[in-house]
Amino acid sequence: VQHPRSTLWWSSQRDVFILDQTRLPFSIDTVPLCSAEDAARAIETMQVRGAPLIGITAAFGLALQARHQADDASLQRAAETLAHTRPTAINLRWALARVMRAVEAVSTEERAERAWQQAVLMHDEEILHCARIGEHGGALIADIARNKRSRVHVLTHCNAGWLATLRWGTALAPIYHAHQQGIDVHVWVDETRPRNQGAQLTAWELQQAGVACTIVVDNAGGHLMQHGEVDLVIVGSDRTTRTGDVCNKIGTYLKALAAKDNDVPFYAALPSSTIDWSLCDGVREIPIEERDANEVHFVAGEHGPARVTPIDSIAANYAFDVTPARLVTGIITERGVHAATEHSLALAYPEFAHG
Ligand code: MRU
């Protein structure tokens, strides 16, 4: 059944559907996913995007494969195809590993049902985790509102709302929560070149929810912070190390630097599925996706792509960067708000940190 704010849903016959995010905000289109290849294509073309949603789409992709052919070799092939779609978000590998573990524990005949149940379980867990992130992060916004006694201004980068997850979002969940509590909150939305997830997706989401927001160009954040126009920054993450280094959409690091220089708190909001417990040094170890240079050369508009660079010019398109833990005020997860340190994350997640 499709919830009004769903990015992925299924029918009673277990047909899977997604919302095509490449067409938003101009057109609301639904795409069916019938196979692991369909799921891989949806992730690769960014019809679905955002770390938690990429992970759950991959889980359903594997479940579709298990329905079709459930022997070890076919599932491993499908898992590899799905894993190769995008390199940075760890949620993708996390989700595939969880479904693979679940199916490997049962006979080939039982695998289709087992994989489906596992994907549904992970889907439901991610929704719950995002709701919790909303409560913990919402309390931070409520604190600021209490002290300030006037409108709270949050700056966010890229899209980490319900479109990037299954519901609520990560960075936007605290904002939705605060808004629902009647707190006067306003969001500065970084446009987030080259694909403009902020201008096209975050602004659309917030508008639909009735949350006040203003789109700014990517370079405006430092200026706004110098003039006291930002009370806190909240961003999502594609992969966070066990030591609290936060990888997110390109440009996040510059916002964190500006926040530090202006004493503006900088938070990353993420479910535990985004923590890569095997990594200690985000800058050195997290693979950064390099995307097609045409995303820099062309801007997607209502009537199609428009070229904005000289013909034959050269562009580089790094999709993510890493904000070192020393610039992160706190990490908001489903278990609370933690210092961006190995100690604090391990206290919150002993079963993963020591497992
Ligand atoms: O390239 P995208 O659109 O998949 O990048 C998305 C982001 O960078 C988000 O901030 C991140 O995935 C967190 S989503 C809750």
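I will try to describe carefully the structure that is included in this document. The structure displayed is predicted, hence computed values, not measured ones.

1. Observations concerning the packing of helix α1 (residues 36-44) against helix α3 (residues 72-83)
Then step 1. The geometry of α1 relative to α3 is characterised by a closest axis approach of 9 Å and an angle of 10° between their N-to-C directions. Put simply, α1 runs roughly parallel to α3. Contacts between α1 and α3 involve Ala36, Ala39, Ala40 and Ile43 from the first element and Ala78, Thr81 and Leu82 from the second.

2. Observations concerning the site of the ligand
Then step 1. Not every one of the 19 residues close to the ligand is listed here, only the nearest: Arg86, Gln197, Asp238, Asn248 and Lys249.
Then step 2. At a separation of 2.7 Å, an oxygen atom of the ligand approaches a polar side-chain atom of Asp238.
Then step 3. Here the ligand, which alone exposes 410 Å², has 100% of that area covered by the protein.
Then step 4. Put simply, the ligand lies in the largest cavity.
Then step 5. Those elements that provide at least two residues to the shell around the ligand are α2 (51-68) and β9 (246-249).

3. Section: the nonpolar core
Then step 1. Ranked by size, the top nonpolar core spans 41 residues in total, and within it Phe60, Leu62 and Leu82 carry the most contacts.
Then step 2. At the level of elements, β2 (16-19), β3 (30-33), α1, α2, α3, α4 (90-104) and α5 (111-148) are the ones that each hand at least two residues to this core.
Then step 3. The element best represented in this core is α2, accounting for 11 residues.
Then step 4. Counting 33 residues, the second-largest nonpolar core is a separate cluster that includes Trp9, Ala171, Val185 and Ala269.

4. Quick notes on the pairing of β3
Then step 1. On β3, burial follows the alternation: Val31 and Leu33 on one face are buried, whereas Thr30 and Pro32 on the facing-out side are not.
Then step 2. Where β2 meets β3, four bridges bridge the pair, whose relative direction is antiparallel. Paired with Ile18 across the strands is Val31, a residue of β3.

5. Side note on the side chain of Asp238
Then step 1. When you line up the elements, Asp238 lands in the loop between β7 (232-235) and β8 (239-241).
Then step 2. Buried charge Asp238 goes without a salt bridge, the closest partner of opposite sign being Arg86 at 6.1 Å.
Then step 3. For Asp238, the contacting residues outside a window of four places in its chain are Ala51, Thr88, Ala89, Ile90, Asn91, Cys247, Asn248, Lys249, Thr274 and Phe320.

6. A word on the sheet that holds β2
Then step 1. Strand order in the open sheet made by the three strands is β1-β2-β3, with antiparallel pairing throughout. The outermost strands of the open sheet, each flanked by one partner alone, are β1 (8-10) and β3. Strand-to-strand twist of the sheet, defined as the mean angle between neighbouring strand axes without regard to direction, takes the value 30°.
Then step 2. Together, β1, β2 and β3 form the strand contacts of α2, whose direction differs from that of β1 by roughly 30°.

7. Quick notes on the layout of surface pockets
Then step 1. The calculated volume of the largest pocket comes to roughly 510 Å³.
Then step 2. Lining the largest pocket we find 24 residues, and of these Thr22, Arg195, Gln200, Ala300 and Gly301 sit closest to its centre.
Then step 3. Every element with two or more residues in the lining of the largest pocket is listed here: α7 (197-209), α11 (294-297), β12 (298-301) and β13 (304-307).
Then step 4. When residues of the lining of the largest pocket are assigned to their parent elements, the largest contribution, four residues, is made by β12.
Then step 5. Residues of the lining of the largest pocket, tallied by class, amount to nine nonpolar, nine polar and six charged.
Then step 6. Here the second largest pocket defines a volume of roughly 400 Å³.

8. Concerning unusual backbone geometry
Then step 1. Along the chain, Leu24 connects to Pro25 via a cis peptide bond; the corresponding omega equals 0°.
Then step 2. Looking at where Pro25 falls in the secondary structure, it is placed in the loop between β2 and β3.
Then step 3. Positive phi, normally seen in glycine, also occurs at Cys158, with a value near 65°.
Then step 4. Assignment of secondary structure puts Cys158 in the loop between β4 (152-156) and α6 (173-180).
Then step 5. Under the relative-accessibility criterion, Cys158 is labelled buried at 6%.
Then step 6. One non-glycine residue with positive phi stands out, namely Asp263, at about 55°.
Then step 7. Tracing the sequence through the fold places Asp263 in the loop between α9 (252-261) and β10 (266-269).
Then step 8. Residue Asp263 is classed as exposed on the basis of its relative accessible area of 72%.

About the thresholds
Residues numbered from 1 in each chain as written. Predicted model: local features only at pLDDT ≥ 70, side-chain atom pairs only at ≥ 80, totals over all residues. Heavy atoms only, no water. Axes fitted to C-alpha atoms, helices over the stretch in contact; angles between N-to-C directions. Helix = DSSP H or I, 4+ residues; strand = E, 2+ residues; numbered from the N terminus. Parallel < 35°, antiparallel > 145°, perpendicular 65-115°, else oblique. Contact = heavy atoms within 4.5 Å. Near = heavy atom within 4 Å. Polar contact = N/O pair within 3.5 Å; in protein donor to acceptor, adjacent residues only side chain to side chain. Areas by Shrake-Rupley, 256 points an atom, 1.4 Å probe, with all protein chains shown as cover. 1 Å grid on protein atoms, 1.4 Å probe; cavity = no way out; pocket = protein on both sides within 12 Å on 5 of 7 lines; lining within 4 Å. Sits in = over half its atoms within 2 Å of the grid points. Core = buried A, V, L, I, M, F, W, Y, C linked by side-chain atoms within 4.5 Å. Buried < 20%, exposed > 50% of the residue type's maximum accessible area, 1.4 Å probe, protein only. Pairing = 2+ DSSP bridges. Lys, Arg positive; Asp, Glu negative; His and termini not counted. Salt bridge = Lys/Arg side-chain N within 4 Å of Asp/Glu carboxyl O. Points joined across faces, edges and corners; volume = space filled by probe spheres on them. Nonpolar A, V, L, I, M, F, W, Y, C, P; charged D, E, K, R; others polar.

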